[in-house]
Structure formats: C-alpha cells, structure tokens
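Structural features, examined
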Amino acid sequence: ERAQQTVAPTTSEEDIGQAYVRALADRDSKRLQACFQPDVHLRALVPPGFQESKGSTAVIARLESWFGAAESIEILRKDVYHVANRLHVRYRFREHYSDGESEIIEQDAYCDV
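Here the focus is helix α3 (residues 56-67). Here α3 contains twelve residues, and its C-alpha end-to-end distance of 16 Å stays within 8% of the 16 Å for a straight helix at 1.5 Å per residue. Considered for burial, the residues of α3 that qualify are Ser56, Val59, Ile60, Leu63 and Phe67. Seen along its axis, α3 keeps its buried residues to an arc of 95°; they face one direction. Among the exposed residues of α3, those pointing more than 90 degrees away from its buried face are Thr57 and Ser65.

Here we come to unusual backbone geometry. Residues other than glycine predominantly adopt negative phi, and peptide bonds predominantly adopt the trans conformation. In this chain, Pro47 is followed by Pro48 through a cis amide linkage whose omega measures 20°. At Arg27, a residue that is not glycine, the phi angle is positive and equals roughly 55°. On the secondary structure map, Arg27 appears in the loop between α1 (13-26) and α2 (29-35). Although it is not a glycine, Ala84 adopts a positive phi angle of roughly 55°. Along the chain, Ala84 turns up in the loop between β3 (72-83) and β4 (86-96).

Okay, the sheet that holds β4 next. Taken in spatial order, the three strands of this open sheet run β3-β4-β5, and their pairing is antiparallel. For this open sheet the edge positions go to β3 and β5 (102-111), each flanked by a neighbour on one side alone. If you compare each strand with its neighbour and ignore which way they point, the axes differ by 10° on average. Note: β3 against β4, eleven bridges, orientation antiparallel. Bridging from a neighbouring strand, Val80 pairs with Val89 of β4. Strands in contact with α1 are β3 and β4; relative to β3, the strand with the most contacts, it is inclined by about 165°.

Each value, and the rule that gives it
- Residues numbered from 1 in each chain as written.
- Predicted model: local features only at pLDDT ≥ 70, side-chain atom pairs only at ≥ 80, totals over all residues.
- Heavy atoms only, no water.
- Helix = DSSP H or I, 4+ residues; strand = E, 2+ residues; numbered from the N terminus.
- Expected span 1.5 Å × (residues − 1).
- Buried < 20%, exposed > 50% of the residue type's maximum accessible area, 1.4 Å probe, protein only.
- Arc of directions from axis to C-beta.
- Pairing = 2+ DSSP bridges.
- Axes fitted to C-alpha atoms, helices over the stretch in contact; angles between N-to-C directions.
- Contact = heavy atoms within 4.5 Å.

Written out as structure tokens, the structure reads:
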C-alpha cells in the first residue's frame, strides 16, 4: 500500500495581494508584516513626491503614516492580477475620519513577489 501524501496549501501571489489590501484597510500591522519579505523595497510616487522605504518595518511604518489618521477604511474596489511578470494590486478606499469627513484614496502597486 502506498502512503497517502498530504499537500500543504500554497499561497498564490494573488492571495498575497488580496491579503495585503485587506490588512491595509484593517490597519493590521501584523497581517501586513506577513505580506512582505524582510528586505522589501518600496518606491512610491505620491503627493508630495517620490518616497522610498527599505525593510518591512520601514515599509509598514510608511503605510501606517498614510492611512493611520482614518477612523475606519472601507474597501470600495480591489483588483489583483498579473501584468507581464509583476503583480498589479489596485485598490480604492474610502477613509472615514472621526470628525465625520471622508476621503477617497486610490493606489496602484506593481510588485515582485
């Protein structure tokens, strides 16, 4: 009789992209940490200009600085798919603030996973 093999579940690149968007909207730094390699390198073109962070701790701190003021974040749209050999993650959030105001934020990320 052959021994039964069990296959460990694998996480696809798209699953990582989906998890990233959910963790970012939830502002869950522990789940964000799981989406990045320790040596992650972020290059972003955002108002007011080019920003760069290296290492998962610095990247998460950068993301938290962008989204930390919101009381809650609602995911309006998320798309995760490949463009050539890169993962494209696009999301649109509505940030809700404690003063009753809200703002819509949209970002696109191209990732090597």
